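These are the residues of each chain, in order.
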Amino acid sequence: MRIILLFLALNFSSLLLADPSKTLRCVTTHYPPFTIYDEKTDTFTGLDIEYLTFIERNLNLKIDVVHLPWARVKKEMTLDYYDCYFSLANNQERAKYLDFTSEPLHTTKYGLFTLNNDKLHTDDLSHATIAMLRGVDVPEIIATKYNLNDNNFIHSLSTKDTFGLLEKNRVEYAITNYQAGLWYSKEYKNIYSRQLNEFTFPTYIAFKHGLIDTKLVDEQIKRFKAQQHKNN
């Protein structure tokens, strides 16, 4: 029995990966509070990094985390250069290039942010100017509910720039991930927010096609969640 267990332990990574000696280059972007990238130290913290560390340890993988701007991340998904991406929403276009886990890392919603509390609870934003991260599309259900079209938006290069536009009164509103928006808005005074409950989006880990058995990764995500729930 000991011989069998030793054999399985030594060969587990070869069952998991086509090339067990490969170091996986996993891409993310600065996406607080889930993934926080410190440019000065080139280090990562946050819940999603804890997930990745847990998966790396329990599946005997070697993972290097790479930070890229969001616009670059979107391009790289189609180029087959990096091995995996995390904190990534799944859709039909991305699934052409990537194998997604079935178990999400977390589930989030969009948020509306403004400097004027009196304007926060309107359902008609048809004449508003709104900052939003370039490369992120407002969901159709939100666009319909709040009477939005492309003319409403000024697109920024980063979420930090989105809030910079809001703080300088270049726009009336900002729309971004609600949790991320709360994190960024801490730097500014008198920014009011509301969660937009019309649309919910889970985020996953995604790998190049055929690189890894995502069911095994799913099991580790579930184990991490159970561990976190127990500790809390």
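Each remark here, short or long, concerns the structure printed above.
Presented here is a report on the structure given in the accompanying data block. Just so we're clear, the structure is a prediction, and the values are computed from it rather than from any experiment.

A few words on the packing of aromatic side chains. Tallied over the full model, the rule gives 14 aromatic pairs. Look at F54 and F224: their rings are 5.4 Å apart centre to centre, the planes differ by 65°, and that puts the pair in the edge-to-face class. Placement of F54 in helix α2 (residues 47–58) and of F224 in helix α8 (residues 214–231) is noted, with a sequence separation of 170 residues between them. A residue is classified by how much of its surface remains accessible, and F54, at 4% relative accessible area, is buried. Since its relative accessible area comes to 4%, F224 is described here as buried. In textbook terms, an aromatic cluster arises when at least three aromatic residues are bridged by ring pairs, as seen for F113, F163, Y178, W183, Y184 and Y188.

Here we take up the state of the cysteines. Considering all chains together, one arrives at one disulfide under this definition. One disulfide bridge connects C26 with C84, the sulfur atoms lying 1.8 Å from each other. Disulfide C26 to C84: torsion about the S-S bond roughly 120°, handedness right-handed. Highlighted residues: C26 in strand β1 (residues 24–28) and C84 in strand β5 (residues 84–88), separated in sequence by 58 residues. Both residues of the pair, C26 and C84, count as buried.

In this section: the nonpolar core. General note: in soluble globular proteins, nonpolar side chains tend to be found buried as a group. Ranked by size, the top nonpolar core spans 22 residues in total, and within it I205, F207 and V217 carry the most contacts. Within the residue set of this core, elements represented by two or more residues are β1, α2, β5, β11 (192–208) and α8. Looking at which element gives the most residues to this core, the answer is α2, with five residues. Setting aside anything within four residues of it in sequence, one finds V217 in contact with I55, L59, T101, I205, F207 and I212. Counting 17 residues, the second largest nonpolar core, distinct from the first, contains F34, Y110, M132 and I175.

This part covers the layout of surface pockets. The calculated volume of the largest pocket comes to roughly 1,200 Å³. In terms of lining, the largest pocket is formed by 50 residues, of which the most central are T29, Y31, W70, L133 and V136. A total of five residues in the lining of the largest pocket trace back to one element, the largest contributor, which is β11. Residues that form the lining of the largest pocket fall into these classes: 28 nonpolar, 14 polar and eight charged.

This part is about unusual backbone geometry. Of note, the amide linkage connecting P32 to P33 takes the cis form, showing an omega dihedral of 5°. When you line up the elements, P33 lands in the loop between β1 and β2 (36–38). Even without glycine at this site, S87 takes up a positive phi of about 60°. By the element assignment, S87 lies in strand β5. Phi is positive for N147, which is not a glycine, with a value near 60°. Take N147: it is sitting in the loop between α5 (140–145) and β9 (153–156).

Turning our eyes to something else, we now look at helix α6 (residues 159–167). Buried within α6 we find T159, T162, F163, G164, L165 and L166. For α6, the secondary structure elements touched by its buried residues are β7 (106–114), β8 (130–133), β9, β10 (173–177) and α7 (178–185). Phi turns positive, to about 60°, at N169, one or two residues after α6.

What follows covers the pairing of β1. For β1, a buried count of four out of five residues is recorded, marking the element as mostly surrounded by other parts of the structure. Here β1 pairs with strand β4 (residues 63–67) via five bridges, running parallel. When the sheet's bridge partners are listed, C26 is paired in β4 with V65. Bridge count for β1 against β5 is two bridges, and the pairing is parallel. Within β5, the residue paired with V27 across the bridge is Y85.

Counted under the stated rule, the structure contains ten salt bridges. For the salt bridge of E103 with K225, the shortest nitrogen-to-oxygen distance reads 2.9 Å. A residue pair is termed long-range when its members are at least 10 positions apart, and E103 in the loop between β6 (98–100) and β7 and K225 in helix α8 qualify at 122 residues. Note that R194 and D123 form a salt bridge whose closest N and O atoms lie 3.9 Å from each other. You can see R194 sitting in strand β11 and its partner D123 sitting in the loop between β7 and β8, a full 71 residues away along the chain. Residue R194 is classed as buried on the basis of its relative accessible area of 16%. One network of salt bridges, in which partners are shared, links K22, D80, D83 and K208.

The rules behind each value
Residues numbered from 1 in each chain as written. Predicted model: local features only at pLDDT ≥ 70, side-chain atom pairs only at ≥ 80, totals over all residues. Heavy atoms only, no water. Phe/Tyr/Trp six-rings, centres within 6.5 Å; stacked < 30°, edge-to-face > 60°. Helix = DSSP H or I, 4+ residues; strand = E, 2+ residues; numbered from the N terminus. Buried < 20%, exposed > 50% of the residue type's maximum accessible area, 1.4 Å probe, protein only. Disulfide = S-S within 2.5 Å. Core = buried A, V, L, I, M, F, W, Y, C linked by side-chain atoms within 4.5 Å. Contact = heavy atoms within 4.5 Å. 1 Å grid on protein atoms, 1.4 Å probe; cavity = no way out; pocket = protein on both sides within 12 Å on 5 of 7 lines; lining within 4 Å. Points joined across faces, edges and corners; volume = space filled by probe spheres on them. Nonpolar A, V, L, I, M, F, W, Y, C, P; charged D, E, K, R; others polar. Pairing = 2+ DSSP bridges. Salt bridge = Lys/Arg side-chain N within 4 Å of Asp/Glu carboxyl O.

Remember that the coordinates give geometry; whether it matters functionally is a separate question.
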